[in-house]
Amino acid sequence: MRTSIRSWTPEGRPDLRLTLDPLGRGPGDPAFRMTPDGAVWRAARTPQGPGTLRITAADGTVKAQAWGDGADWLLEALPALLGAGDDPTPFTPRHRVVHEAHRRNPGLRLTRTGLVLESLIPAILEQKVTSDEAYRAWRLLLRRHGEPAPGPATGGPDGGMYVMPAPRQWSLIPSWEWHRAGVDNKRSSTILRAVRVAARMEEAAAMDLAAATARLTVIPGIGPWTAAETLQRSNGDPDALTVGDLHLPNIIGFALTGAHRTDDAAMCALLAPYEGQRHRAARLILLSGRVPPRRAPRYAPKDISRI
């Protein structure tokens, strides 16, 4: 099995876990894990094939080891993954809470994976359902239809890590398997439409935000919310603001004004001073921990796999 290593000394000191945290899809994600020794593990399907990446950081130096056919690709993409292409210098905090979060998180960088489908598919799974429902579907689909990650992350008491299915493998998942994972026909059909044009979707990783959004949203079932959630990760775009989210406008509004209810239009108005950096501003606000108090019972998920 192909194994490669790389050491890299970035400018500044990016926070490894803070930067890569958006790539994890809940507890038990078969494609992503953070271990007690401080390492971050990632399993990915690269243009060269499946690969597993282990990253650690100490004394300002990042060390990475990769396994599988995609090992060289993952190591080549390491700087971008850790935010080497992200320039936070144009960002100027305009609110006290943003300034404080910015001061407390100097190592925040926006990751760029360069891979679209691996962020697009879980974003589609997260449409109109609770996070727990989406995370469960992602785990079940990867473990049943993906392939064991190359290298030492295979096996173990938790079942090991998995690389997500290739586009053709997604298209071969039978309807009852989607149902078993709790994925309704609308979301599964959207994923199937996307994987049929996988190469066109992956091209969006090299586009600017407007062009990439247009490329993704041409697929029925992919709207601005799904596109933004994807491009934040695949492209590392600092302005890819998530619009249409159930909770984000209320969090932004509460953190910046104290209001308990805020809609998308008001959120965009509040973040207008951060034009070009609105996603970064939103990340910092989320990191501030200022969230509105719960005013309604938690939404009860509907498990369609039992129907």
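Presented here is an overview of the structure given in this document. (Residues numbered from 1 in each chain as written. Predicted model: local features only at pLDDT ≥ 70, side-chain atom pairs only at ≥ 80, totals over all residues. Heavy atoms only, no water.)

Let's shift gears to the environment of Asn 105. In this structure, Asn 105 sits in the loop between helix H4 (96-104) and helix H5 (117-125). Along the backbone, Asn 105 and Leu 18 are 87 residues apart, and their C-alpha atoms lie at a distance of 8.5 Å. Residues contacting Asn 105, with those up to four places away along its chain left out, are Leu 18 and Leu 287. (Helix = DSSP H or I, 4+ residues; strand = E, 2+ residues; numbered from the N terminus. Contact = heavy atoms within 4.5 Å.)

Core analysis: the biggest nonpolar cluster contains 32 residues, and Leu 120, Leu 141, Trp 170, Trp 178, Ile 191 and Leu 216 have the highest contact counts within it. Residue assignment for this core shows that the elements contributing at least two residues are H5, helix H6 (131-145), helix H9 (185-196), helix H10 (198-202), helix H11 (209-217) and helix H12 (224-234). Take this core: its biggest share by element is 5 residues, from H5. Counting 21 residues, the second largest nonpolar core, distinct from the first, contains Phe 32, Ile 55, Leu 74 and Leu 115. (Core = buried A, V, L, I, M, F, W, Y, C linked by side-chain atoms within 4.5 Å. Buried < 20%, exposed > 50% of the residue type's maximum accessible area, 1.4 Å probe, protein only.)

What follows covers the packing of aromatic side chains. With the rule as written, the count across this model stands at 3 aromatic pairs. A ring pair is formed by Phe 91 and Tyr 274, whose centres lie 5.5 Å apart and whose planes are at 20 degrees; its orientation type is stacked. Taken as a pair, Phe 91 in the loop between helix H3 (78-81) and H4 and Tyr 274 in the loop between helix H14 (264-270) and helix H15 (278-288) lie far apart in primary sequence, 183 residues in all. Both rings, one in Trp 170 and one in Trp 178, keep their centres 6.0 Å apart while their planes meet at 20 degrees; by these two values the pair is stacked. Overall, the relative accessible area of 0% leaves Trp 170 in the buried class. For Trp 178, a relative accessible area of 3% gives the class buried. (Phe/Tyr/Trp six-rings, centres within 6.5 Å; stacked < 30°, edge-to-face > 60°.)

Taking 1.5 Å of rise per residue, 15 residues should cover 21 Å, and H6 covers 21 Å from first to last C-alpha, within 8% of that figure. Buried within H6 are the following residues: Glu 133, Ala 134, Ala 137, Trp 138, Leu 141, Leu 142 and His 145. The buried residues of H6 all sit within an arc of 150 degrees when viewed along its axis, so they share a single face. Pointing more than 90 degrees away from the buried face of H6 are the exposed residues Asp 132 and Arg 144. Against the buried residues of H6 lie H5, strand E6 (147-148), strand E7 (162-163), helix H7 (167-171) and helix H8 (175-180). (Expected span 1.5 Å × (residues − 1). Arc of directions from axis to C-beta.)

Our next topic: the pattern of salt bridges. Taken as a whole and assessed by the stated rule, the structure comprises 15 salt bridges. Taking the shortest distance from any N to any O, the salt bridge between Arg 54 and Asp 37 comes out at 2.9 Å. In this pair, Arg 54 sits in strand E4 (residues 49-58) while Asp 37 sits in the loop between strand E2 (32-34) and strand E3 (40-46), placing the two residues 17 residues apart along the sequence. The partly exposed category is assigned to Arg 54, whose relative accessible area is 25%. (Salt bridge = Lys/Arg side-chain N within 4 Å of Asp/Glu carboxyl O.)

Among the 9 residues that make up H5, 9 are buried, leaving the element largely enclosed by the rest of the structure. For H5, every residue scored as buried is listed here: Leu 117, Glu 118, Ser 119, Leu 120, Ile 121, Pro 122, Ala 123, Ile 124 and Leu 125.

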